Amino acid sequence: MQGPGIRIDEEANAAYIRLASGKVHETRTVGAFHVDYARGGKVLGIEILGLRQYLEKHGSIRIPPRLLQQVNAPSPRRWG
């Protein structure tokens, strides 16, 4: 099992923020992020494509609190 971490791929201009371990059930686009969900709605990781442009625009990576709340979600929750 792997814990939280960040992987940056400079060549692909992307970053992946691993928040929890588990099997990805579905990936959804939420704003600028591609979010990996486990069955039941727990957020496992967040991918940012176009990382350089994102950082130029925002200055830092700002993950919406509603996504962070789902990292340890005890029950299924769905966000549209």
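The paragraphs below set out a description of the structure included in this document. (Residues numbered from 1 in each chain as written. Predicted model: local features only at pLDDT ≥ 70, side-chain atom pairs only at ≥ 80, totals over all residues. Heavy atoms only, no water.)

### Things to note about the side chain of Asn 13
Here comes step 1: Within the secondary structure, Asn 13 is located in the loop between strand S1 (5–9) and strand S2 (14–18).
Here comes step 2: Exposure remark for Asn 13: the relative accessible area of 12% places this residue in the buried category.
Here comes step 3: When residues no more than four places from it in sequence are discounted, the contact partners of Asn 13 are Ile 48, Leu 49, Gly 50, Leu 51, Arg 52 and Gln 53. (Helix = DSSP H or I, 4+ residues; strand = E, 2+ residues; numbered from the N terminus. Buried < 20%, exposed > 50% of the residue type's maximum accessible area, 1.4 Å probe, protein only. Contact = heavy atoms within 4.5 Å.)

### Re the pairing of strand S5 (residues 43–49)
Here comes step 1: Judged by how many residues are buried, S5 sits mostly within the fold: 5 of 7 residues are covered.
Here comes step 2: Pairing geometry for S2 and S5, over 5 bridges, is antiparallel. Following the sheet pairing, Ala 14 is matched in S5 by Leu 49.
Here comes step 3: In this sheet, S5 lies alongside strand S4 (residues 33–37) in antiparallel orientation, the contact comprising 5 bridges. Bridge assignment links His 34 to a residue of S5, and that residue is Glu 47.
Here comes step 4: Joining the antiparallel neighbours S4 and S5 is a turn of 5 residues, in which Gly 40 adopts a positive phi near 100 degrees. (Pairing = 2+ DSSP bridges.)

### Considerations on the pattern of salt bridges
Here comes step 1: As enumerated under the stated definition, the model contains 1 salt bridge in all.
Here comes step 2: Residues Glu 26 and Arg 28 are paired through a salt bridge, measuring 3.4 Å at the closest nitrogen-oxygen approach.
Here comes step 3: For Glu 26, a relative accessible area of 24% corresponds to the partly exposed category. (Salt bridge = Lys/Arg side-chain N within 4 Å of Asp/Glu carboxyl O.)

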